[in-house]
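Residues per chain are reported as follows:
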Amino acid sequence: EAQVTQNPRYLITVTGKKLTVTCSQNMNHEYMSWYRQDPGLGLRQIYYSMNVEVTDKGDVPEGYKVSRKEKRNFPLILESPSPNQTSLYFCASRGDRLVYEQYFGPGTRLTVT
Amino acid sequence: GDSVTQMEGPVTLSEEAFLTINCTYTATGYPSLFWYVQYPGEGLQLLLKATKADDKGSNKGFEATYRKETTSFHLEKGSVQVSDSAVYFCALTVTGANNLFFGTGTRLTVIP
């Protein structure tokens with residue numbers, strides 16, 4: 001089954017404690033993204049990757065890092081989380097820049113206290 | 001810049017009622033337009049799309065027509081069901097772009 005998986009699904013942490021949210025897709029997609037979803041703001045892109053070792057900032061990259069060492073994985077790293085990063089995070093993938101449909105993971109709800 | 005504006009929610013309808021969720025857009029190039037649906041506890045799924053003016057996207061009884069003259073892509077369904085309760089997002093992208101621009105989402109609740 002074609003899918004995007006994320007772990008963990010729920011996470012409560014404290015300010016400053018480094019964390020990683022994993023994302024994996026099994027569709028051999030080149031293009032992967034991270035979004036955050038906040039009430040009244042819709043989804044906003046944090047980072048994207050066009051292929052292995054190729055990443056770039058989206059609209060709201062501050063406080064986040066990513067890496068793309070393998071095609072299937074695209075982890076999101078919060079080196080020093082802060083309460084304003086409390087949000088619902090989605091990973092997404094698509095075939096390439098010219099393929100419009102994105103496949104989304106189930107989401108990770110992060111709370112930073 | 002590129003952006004999407006969709007009607008505020010929440011929307012509550014009775015089963016079998018007619019649904020319209022308005023979406024208008026601003027784009028610098030020639031956008032492709034999408035409706036995504038998010039069921040409770042799940043990620044977003046593509047519901048329908050239209051890639052050029054006057055195209056009509058349709059799926060699961062939902063329809064939306066790409067209207068360039070009014071820069072709109074309103075979502076409609078003739079008879080909603082309880083299972084249609086979800087959050088609906090209008091989105092656009094421009095060919096070769098790195099981003100999908102989403103609206104703020106409209107929560108639909110259908111009551112029996």
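Since this is a predicted model, take the numbers as computed values, not measurements.

## Observations regarding the nonpolar core
Line of reasoning, step 1. If you look at the biggest cluster of nonpolar residues, it comprises 27 residues, and the most contacted ones within it are Trp35, Leu47, Leu48, Phe73, Leu75 and Tyr88 of chain B.
Line of reasoning, step 2. Elements represented by at least two residues in this core include exactly strand S2 (11-14), strand S3 (19-21), strand S4 (23-26), strand S5 (31-38), strand S6 (44-50), strand S8 (62-65), strand S10 (86-94) and strand S12 (106-111) of chain B.
Line of reasoning, step 3. Every residue in contact with leucine 47 of chain B, bar those within four places of it in the chain, is listed here: Trp35, Tyr36, Val37, Asn59, Lys60, Phe62, Leu75 and Tyr88 of chain B.
Line of reasoning, step 4. Counting 19 residues, the second largest nonpolar core, distinct from the first, contains Leu19, Val21, Met27 and Tyr64 of chain A.

## A closer look at the interface of chain B and chain A
Line of reasoning, step 1. Across the boundary between the two partners, chain B contributes 22 residues, which contact 23 residues of chain A.
Line of reasoning, step 2. Summed over both sides, the interface of chain B with chain A buries roughly 1800 Å², with 51% coming from carbon and sulfur.
Line of reasoning, step 3. Linking chain B with chain A are zero salt bridges, by the criterion used here.
Line of reasoning, step 4. Of all elements in the fold, only S5, S6, S10 and strand S11 (101-102) of chain B reach the threshold of two or more residues within the side of chain B that touches chain A.
Line of reasoning, step 5. Its residues placed into classes, the side of chain B that touches chain A shows nine nonpolar, 12 polar and one charged.

## Regarding the packing of aromatic side chains
Line of reasoning, step 1. In this structure the tally under the stated criterion is 12 aromatic pairs over all chains.
Line of reasoning, step 2. A ring pair is formed by tyrosine 35 of chain A and phenylalanine 102 of chain B, whose centres lie 5.7 Å apart and whose planes are at 85°; its orientation type is edge-to-face. Taken together, the positions of tyrosine 35 of chain A in strand S4 (residues 31-38) and phenylalanine 102 of chain B in strand S11 put the pair across two chains. For the pair formed by tyrosine 35 of chain A and phenylalanine 102 of chain B, the shared burial category is buried.
Line of reasoning, step 3. For the ring pair phenylalanine 104 of chain A and tyrosine 36 of chain B, a centre distance of 5.6 Å and an interplane angle of 80° mean the geometry is edge-to-face. Linking phenylalanine 104 of chain A in strand S10 (residues 103-104) with tyrosine 36 of chain B in strand S5, this pair reaches from one chain into another.

## Considering the sheet that holds S3 of chain B
Residue and element names in this part refer to chain B.
Line of reasoning, step 1. Spatial strand order, S3-S9-S8-S7: four strands in an open sheet with antiparallel pairing. The open sheet has two free edges, formed respectively by S3 and strand S7 (56-59), since each of these has just one partner strand. Neighbour-to-neighbour, the strand axes of this sheet turn through a mean angle of 15°, independent of strand direction.
Line of reasoning, step 2. Sheet analysis places S8 next to strand S9 (residues 75-77), joined by three bridges and oriented antiparallel. Paired with glutamate 63 across the strands is glutamate 76, a residue of S9.

## Regarding the layout of surface pockets
Line of reasoning, step 1. Of the volumes computed, that of the largest pocket is approximately 610 Å³.
Line of reasoning, step 2. Lining the largest pocket are 28 residues, with Gln37 and Leu88 of chain A together with Gln38, Val87 and Arg107 of chain B positioned closest to its centre.
Line of reasoning, step 3. Mapped by element, the contributors of at least two residues to the lining of the largest pocket are S4 and strand S9 (87-94) of chain A together with S10 and S12 of chain B.
Line of reasoning, step 4. Ranked by the residues each element gives to the lining of the largest pocket, the list is headed by S9 of chain A, at three residues.
Line of reasoning, step 5. Broken down by class, the residue content of the lining of the largest pocket amounts to 10 nonpolar, 12 polar and six charged.

Conventions used here
Residues numbered from 1 in each chain as written. Chains lettered and ligands numbered in written order. Predicted model: local features only at pLDDT ≥ 70, side-chain atom pairs only at ≥ 80, totals over all residues. Heavy atoms only, no water. Core = buried A, V, L, I, M, F, W, Y, C linked by side-chain atoms within 4.5 Å. Buried < 20%, exposed > 50% of the residue type's maximum accessible area, 1.4 Å probe, protein only. Helix = DSSP H or I, 4+ residues; strand = E, 2+ residues; numbered from the N terminus. Contact = heavy atoms within 4.5 Å. Buried area = accessible area lost by both parts, 1.4 Å probe. Salt bridge = Lys/Arg side-chain N within 4 Å of Asp/Glu carboxyl O. Nonpolar A, V, L, I, M, F, W, Y, C, P; charged D, E, K, R; others polar. Phe/Tyr/Trp six-rings, centres within 6.5 Å; stacked < 30°, edge-to-face > 60°. Pairing = 2+ DSSP bridges. Axes fitted to C-alpha atoms, helices over the stretch in contact; angles between N-to-C directions. 1 Å grid on protein atoms, 1.4 Å probe; cavity = no way out; pocket = protein on both sides within 12 Å on 5 of 7 lines; lining within 4 Å. Points joined across faces, edges and corners; volume = space filled by probe spheres on them.

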